[in-house]
Each structure stands twice: as structure tokens, then as C-alpha cells.
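Architecture at a glance
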Amino acid sequence: MSPESTPEDPARAARLRRAGFGAFLAGAAATLAFLAFFPGLPHVIDWGAIIAALAIGGLARWALQSHLRKKPTHPG
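As the structure is a prediction and not an experimental result, all values here were calculated from the model. (Residues numbered from 1 in each chain as written. Predicted model: local features only at pLDDT ≥ 70, side-chain atom pairs only at ≥ 80, totals over all residues. Heavy atoms only, no water.)

**Things to note about the overall build of the chain**
In plain terms, the rule: Secondary structure elements follow DSSP: runs of H or I of four or more residues count as helices, runs of E of two or more count as strands, with numbering from the N terminus. Accessible area is worked out with a 1.4 Å probe on protein chains only. A residue is then buried under 20% of its type maximum, exposed over 50%, and partly exposed in between. Note on definitions: a residue-residue contact is assigned when non-hydrogen atoms from the two residues lie within 4.5 Å. Where accessible areas are quoted, they stem from the Shrake-Rupley method and a 1.4 Å probe; at the residue level, only the protein chains shown are allowed to cover.
Broken down by element type, the chain carries two helices and zero strands. Taking all 76 residues of the chain together, the buried fraction comes to 17%. A sequence separation of at least 24 residues applies to 61% of the contacts in the chain between residues at least 6 apart. Carbon together with sulfur atoms contributes 71% to the accessible area of the chain, which is approximately 5,800 Å² in total.

**Overview of helix 2 (residues 47–70)**
Our working rule: Helix span, expected: 1.5 Å multiplied by one less than the number of residues in the helix.
Given a rise of 1.5 Å per residue, 24 residues ought to cover 34 Å, and the 35 Å separating the end C-alpha atoms of helix 2 matches this to within 8%. Along helix 2, the residues classified as buried are Ala 49, Ala 53, Gly 57 and Gln 65. Turning to helix 2, the residues buried within the fold contact helix 1 (10–37).

**Notes on helix 1**
Taking 1.5 Å of rise per residue, the 28 residues of helix 1 would be expected to cover 40 Å, and the 40 Å separating its terminal C-alpha atoms lies within 8% of that figure. The complete set of buried residues in helix 1 reads Arg 12, Ala 14, Leu 16, Gly 20, Ala 23, Gly 27, Ala 28, Thr 31 and Ala 36. Those residues of helix 1 hidden inside the fold are in contact with helix 2.

**Quick word on the environment of Ala 30**
Among the secondary structure elements, Ala 30 is positioned in helix 1. Measuring from C-alpha to C-alpha, the distance between Ala 30 and Ala 53 comes to 8.0 Å, with 23 residues separating the pair along the chain.

Structure follows, in C-alpha cells:
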């Protein structure tokens, strides 16, 4: 029987957690940067921008983790 990586695999779970954290930070930072520096928008970070950044960061984390869970972990 071939050893397949399962969701309970601790190394895979740690990689998914790190990737999810990175995706969350990247999504939140990109959203805050867009809302802070895009021409024509007021250059003020308010609670709406913070909530939008958290929501988009969470969406980025969810999208990356669902993509990585579907992807096979071994070549071939």
C-alpha cells in the first residue's frame, strides 16, 4: 500500500497552517495598501478598510488552503 498524505499528517497540517497564515497576511496587506495609496481614494485607513482587509485576508487564506488540499502531494 502506498503511503498517502492525509489531512491528519502533522507535517502537512503545519505546512497548510504556515501557507494559510502567509496568504492571510498577503491578502490583508495588499488590501490595506490598495485602500491607502490608490489615487482618488481618501488616504485614510478607517475601520471599514481594516474590516475589508481582514475579510479579504480570510478569503485569500481559505482559497489557498482549499487549493492546496486538492493538489496531489506526490509527483506522477
